Amino acid sequence: MEKWIDREENILLNTYNRMPVVVSHGEGCYLYDDSGKKYLDMFSGLAVNALGHCHPEVVEAGKNQLEKYLHISNFFYCKQGIALGEALVSRSFPGKVFYTNTGTEGVEAAVKYLYKIGKKKGKRGIVCLSGSFHGRTLGALGLTKIPSVAQDFPVIDYPVYENSREALENLEELFDKKEPVGMILEPISGSGGIEVLSREEMKRISELCEKYDVVLCMDEIQTGIGRTGKFFAYQHYGVIPDLVIFAKAVGGGSPLGGMLVHKNIDGYFKPGDHGTTFGPSPLGAALGRKVLEIIDEDFLMEVEEKGRFLQLGLENLQKKHPESLGEIRGKGLMMGVDLKIDPAKLKRNFLEEQVLINITAKNVLRLLPPLIIREKEIREFLLAFEKALSK
Ligand SMILES: *Cc1c(COP(=O)(O)O)cnc(C)c1O
């Protein structure tokens, strides 16, 4: 194990704080390291491995595609991408899909799309919320309002208006004065610390977007594909966005992302306006079709139930350890817990218990377990949490 860690230090740029786990393989909710140690994975590669590791049906779908082709380019028709697009539309609203490889590229596509719409309507600029994370490329980074991420990197020369998540009452004035083309938001912030927009807040935003003709874009890169107990998180709120950006879990572990544009605003891109060599990855799309097939309505109901079970367990733990744990927030299997203790120490204690967790926004425990997790494994996690707190 040590050897790999030393080798990495010599060869890879130091951009990640890794846990000392050299992965050998994964199975279901567990990752195994080189020495055969088994770890319960409570963040699923940051919400990518929704069906855990090596789901047999997903593996089968991948093998079938590997034997057909891995890349054909966008000069030809890719059946897998078409079928996945139909499946995505059937789970959301009538519209059309553009594929990318990653989440941040999905946001870039949306920015270019909004620009095109703005040119037609004589409007400019995008509104985003404080504490939001929309990606790290230089277009998306302009919309990412986490100072440690955005830093002072140069971003695109296009107006971006930040509205505080806590002061949504200012939004109407902003829309009225600045006449932005669009607004982008995460229904539940991921990297921002699992802050959940309330039903009233979302309704209000949606109404204002309608009133001021602002394109409502949901960044569902982390919240989408069943994570919160609905296929897309916006479906909790009784609103319909104009544009949805997806990625992370959609490719079944393979890099795939994109945007879904409502039919009310389609037609602003024509051939040549935007493109990418790899999107859609035929492999990612083949895996994604299987992922969407498995995450059906019954599956989503189980996600909601298991989310409630996890939340109850966390609340009981919070009552026992109010000096260590603060507020618990989230929906479905996307939960955050405010920590009043040293997060690094908690993470080490969890690792000793062979449980992998993620900390975000400095002191928020972010839980994104595989959606296939069962009550048994949630109990195992809660037990480990209790032990990790007592150390
Ligand atoms: C992960 C994430 C992104 C960026 O996706 P990448 O694939 O890392 O580029 C953007 N927005 C949200 C909400 C995310 O969670």
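Nothing here was measured: the structure is a model prediction, and the numbers come from that model.

Chemist: Got a minute to help me understand the layout of surface pockets in this structure?
Modeler: When its volume is computed, the second largest pocket comes out at roughly 870 Å³. Along the walls of the second largest pocket sit 31 residues, with Asn74, Val97, Phe98, Tyr99 and His274 positioned nearest its centre. Looking at the lining of the second largest pocket, the elements that each hand over two or more residues are helix H4 (79-90), strand E4 (95-100) and strand E10 (257-262).

Chemist: What is the right way to read the side chain of arginine 91 from this model?
Modeler: Summarising the element assignment, arginine 91 is placed in the loop between H4 and E4. Every residue in contact with arginine 91, bar those within four places of it in the chain, is listed here: Phe231, Gln235, Leu292, Ile295, Asp296, Glu297 and Leu300.

Chemist: I tried to follow empty space enclosed by the protein on my own but got confused; where do I start?
Modeler: To locate leftover empty space, one rolls a probe as large as a water molecule over the atoms. Summed over the entire model, instances satisfying the criterion amount to 1 cavity of 30 Å³ or more. Roughly 60 Å³ of internal volume is contained in the largest cavity. Along the walls of the largest cavity sit His71, Ile72, Ser73, Asn74, Phe76, Cys78, Thr277, Phe278, Gly279, Pro280 and Pro282, which together make up its complete lining. Among the residues forming the lining of the largest cavity, the class breakdown is 6 nonpolar, 5 polar and no charged.

Chemist: Can you help me understand the pattern of salt bridges in this one?
Modeler: Opposite charge on two side chains makes pairing possible when the charged atoms of those side chains draw close. For the structure on display, the rule yields 18 salt bridges. Measuring nitrogen to oxygen at the nearest pair gives 3.0 Å for the salt bridge that ties glutamate 172 to arginine 204. Here glutamate 172 is found in helix H7 (residues 171-178), whereas its partner arginine 204 is found in helix H8 (residues 199-211), with 32 residues between them in sequence. The closest approach of N and O atoms between glutamate 327 and arginine 329, which form a salt bridge, is 2.7 Å. Classification of glutamate 327 by relative accessible area gives partly exposed; the value is 47%. Among the residues examined, arginine 329 registers a relative accessible area of 9% and is labelled buried. Taken together, the shared-partner salt bridges connect Glu195, Glu327, Arg329 and Asp338 into one network.

Chemist: Looking at this structure, I do not really get the packing of aromatic side chains. What am I missing?
Modeler: To describe a pair of aromatic rings, you give the distance between the ring centres and the angle between the ring planes. For the structure shown, the criterion picks out 12 aromatic pairs. Their ring planes at 65° and their centres at 5.9 Å tell us that tyrosine 115 and tyrosine 158 sit as a pair that is edge-to-face. Residue tyrosine 115 is found in helix H5 (residues 103-121), and its partner tyrosine 158 is found in the loop between helix H6 (147-150) and strand E6 (160-163); the two are separated by 43 residues along the sequence. Owing to a relative accessible area of 37%, tyrosine 115 belongs among the partly exposed residues under this scheme. Under the relative-accessibility criterion, tyrosine 158 is labelled buried at 11%. Ring plane angle 20° and centroid distance 6.0 Å describe the contact between phenylalanine 232 and tyrosine 234, whose orientation is recorded as stacked. Each member of the pair phenylalanine 232 and tyrosine 234 is classed as buried. A connected cluster of aromatic rings, assembled from ring pairs, spans Phe93, Phe231, Phe232 and Tyr234. In this structure, lysine 306 packs its charged tip against the face of phenylalanine 299, placed 5.9 Å from the ring centre. The cationic tip of lysine 331 hangs over the ring face of tyrosine 237; the distance from NZ or CZ to the ring centre is 5.6 Å.

Chemist: Mind showing me how you'd approach H8 here?
Modeler: Given 3.6 residues to a turn, an α-helix orients residues that are three or four positions apart in the same direction. When the terminal C-alpha atoms of H8 are compared, their 18 Å separation across 13 residues agrees well with the 18 Å that a helix rising 1.5 Å per residue should span. Every buried residue belonging to H8 is among Met202, Ile205, Ser206, Leu208 and Cys209, and all of these are buried. Down the axis, H8 shows its buried residues gathered within 165° of arc, on one side only. Exposed residues lying more than 90 degrees from the buried face of H8 are Glu200, Glu210 and Lys211. Those residues of H8 hidden inside the fold are in contact with H7, strand E7 (182-185) and strand E8 (215-219). Aspartate 213 sits one or two residues past H8 and shows a positive phi near 55°.

Chemist: Can you walk me through the site of the ligand in this structure?
Modeler: Neighbouring the ligand are Thr102, Gly103, Thr104, Phe133, His134, Gly135, Glu186, Asp219, Ile221, Gln222 and Lys248. Glutamine 222 places a polar side-chain atom, nitrogen or oxygen, 2.7 Å from an oxygen atom of the ligand. Here an oxygen atom of the ligand and a side-chain polar atom of lysine 248 are 2.6 Å apart. When the free accessible area of the ligand is taken as 380 Å², the share hidden by the protein chains comes to 81%. Considering only residue class, the shell around the ligand consists of 2 nonpolar, 6 polar and 3 charged.

Chemist: So what exactly am I meant to see when it comes to the packing of H4 against helix H9 (residues 282-294) here?
Modeler: Helix packing geometry: the angle between the two helix axes and the distance between the axes. Contact geometry of H4 with H9 gives a least axis separation of 8 Å together with a crossing angle of 35°. In this structure, H4 crosses over H9, and the sense of that crossing is left-handed. In this structure, H4 contributes Gln80, Gly81, Ala83, Leu84, Ala87 and Leu88 to the contact, and H9 contributes Pro282, Ala285, Ala286, Gly288, Arg289 and Leu292. Its residues assigned to classes, the contact of H4 with H9 comprises 8 nonpolar, 3 polar and 1 charged.

The rules behind each value
Residues numbered from 1 in each chain as written. Predicted model: local features only at pLDDT ≥ 70, side-chain atom pairs only at ≥ 80, totals over all residues. Heavy atoms only, no water. 1 Å grid on protein atoms, 1.4 Å probe; cavity = no way out; pocket = protein on both sides within 12 Å on 5 of 7 lines; lining within 4 Å. Points joined across faces, edges and corners; volume = space filled by probe spheres on them. Helix = DSSP H or I, 4+ residues; strand = E, 2+ residues; numbered from the N terminus. Contact = heavy atoms within 4.5 Å. Nonpolar A, V, L, I, M, F, W, Y, C, P; charged D, E, K, R; others polar. Salt bridge = Lys/Arg side-chain N within 4 Å of Asp/Glu carboxyl O. Buried < 20%, exposed > 50% of the residue type's maximum accessible area, 1.4 Å probe, protein only. Phe/Tyr/Trp six-rings, centres within 6.5 Å; stacked < 30°, edge-to-face > 60°. Lys NZ or Arg CZ within 6 Å of the ring centre and 35° of its normal. Expected span 1.5 Å × (residues − 1). Arc of directions from axis to C-beta. Near = heavy atom within 4 Å. Polar contact = N/O pair within 3.5 Å; in protein donor to acceptor, adjacent residues only side chain to side chain. Areas by Shrake-Rupley, 256 points an atom, 1.4 Å probe, with all protein chains shown as cover. Axes fitted to C-alpha atoms, helices over the stretch in contact; angles between N-to-C directions. Left-handed = near helix turned anticlockwise from the far one by under 90°.

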